[in-house]
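Descriptive structure summary
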Amino acid sequence: QGPVVESGGGLAQPGGSLRLSCAASGDIFRIDYMGWYRQAPGKQRETVAVIENNGRTIYLDSVKGRFSILRDNDKNTGHLQMNNLVPDDTAVYYCNVGIIQYARAPIIDAWGQGTQVTVSS
């Protein structure tokens, strides 16, 4: 198990909701950025949502208004709330975290192993 672990994937019906969680562990001074990416079979990995250190968020156009990215800096965790799911949201979802281990340390770009999300009736 690496420093970043995702959870919360599973099967949902079209129109349903899932909440993915991401937890970073180990020597962490602070988290710089946190993002969610997904990769569907036969497709390239794409950026779903990112939340920067200043709270600025970026979303993939197709998930705007349906997905929300959140982070808890005190717990080094984050979530991706996914509502009104559609079959095209089916993919493996990965959490990406920029970890800073001590003051003025370089950012360590860490990835989780992914969690499967399947949207199907």
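Everything in this summary refers to the structure shown in the same document. Numbering of residues begins from 1 in every chain and follows the order in which that chain's sequence is written. Whole-chain, interface and lining totals are the exception, using all residues; otherwise, since this is a predicted model, local features are given only for residues with pLDDT of at least 70 and side-chain atom pairs are given and counted only at 80 or more. Excluded from the side-chain calculation are hydrogens and water; included are all heavy atoms of the structure.

**Some details on unusual backbone geometry**
At asparagine 84, a residue that is not glycine, the phi angle is positive and equals roughly 50°. Of note in the backbone geometry, arginine 104 takes a positive phi value of approximately 65° without being a glycine. By the secondary structure assignment, arginine 104 is in the loop between β9 (91-100) and β10 (108-111). What makes arginine 104 exposed here is its relative accessible area of 85%. The numbering of helices and of strands both runs from the N terminus, where a helix is a DSSP run of H or I of at least 4 residues and a strand a run of E of at least 2. Type-normalised accessible area, obtained with a 1.4 Å probe on protein chains alone, sets the label of each residue: buried when under 20%, exposed when over 50%, and partly exposed for intermediate values.

**Focus on the packing of aromatic side chains**
Any two rings among Phe, Tyr and Trp, with Trp reduced to its six-membered ring, count as a pair given centres within 6.5 Å; such a pair is stacked if its planes are under 30 degrees apart, edge-to-face if over 60, and tilted if neither. Counted according to the given criterion, the structure contains one aromatic pair. Directly above the ring of tyrosine 94 sits arginine 45, whose terminal nitrogen or CZ lies 3.9 Å from the centroid. Sitting over a ring, as applied to charges here, requires NZ of Lys or CZ of Arg to be within 6 Å of the ring centre and within 35 degrees of the ring normal. The positively charged end of arginine 45 is found above the aromatic ring belonging to tryptophan 111, 4.9 Å away from the centroid.

**Quick look at the environment of isoleucine 69**
Position of isoleucine 69 among the secondary structure elements: in strand β7 (residues 67-72). On the basis of relative accessibility, which here comes to 4%, the residue isoleucine 69 falls in the buried class. If we ignore the near neighbours within four places in the chain, the residues touching isoleucine 69 are Met34, Gly35, Trp36, Ala49, Val50, Ile51, Thr57, Tyr59, His79 and Leu80. Any two residues whose heavy atoms approach within 4.5 Å are treated as being in contact.

**What about the sheet that holds strand β1 (residues 4-7)?**
A pair of strands is treated as paired once DSSP finds two or more bridges between them. Spatially, the four strands line up as an open sheet ordered β1-β3-β8-β7, and their pairing is antiparallel. With partners counted over all chains shown, the strands left at the sheet margins are β1 and β7, one partner each. Adjacent strand axes in the sheet meet at a mean angle of 15° when their direction is disregarded. With four bridges connecting them, β1 and strand β3 (residues 18-24) associate as antiparallel partners. Bridge pairing in β3 places serine 7 opposite serine 21. Only the contacting stretch of a helix is used when fitting its axis, a line to C-alpha atoms as for every element, and angles between N-to-C directions run 0 to 180 degrees.

**Structural notes on the pattern of salt bridges**
Salt-bridge detection follows one rule: a side-chain nitrogen of Lys or Arg within 4 Å of a carboxyl oxygen of Asp or Glu. Counted by the stated rule, this structure contains six salt bridges. Residue arginine 38 is joined to aspartate 89 by a salt bridge in which the shortest nitrogen-to-oxygen separation is 2.9 Å. Residue arginine 38 is located in strand β4 (residues 30-39), and its partner aspartate 89 is located in the loop between β8 (77-82) and β9; the two are separated by 51 residues in the primary sequence. The class of aspartate 89 is buried, set by a relative accessible area of 1%. Two residues, lysine 64 and aspartate 61, come together in a salt bridge whose shortest N-O distance is 3.0 Å. On the basis of relative accessible area, lysine 64 is assigned to the partly exposed category, the value being 48%. Through salt bridges that share partners, Arg38, Glu46, Arg66 and Asp89 make up one connected network.

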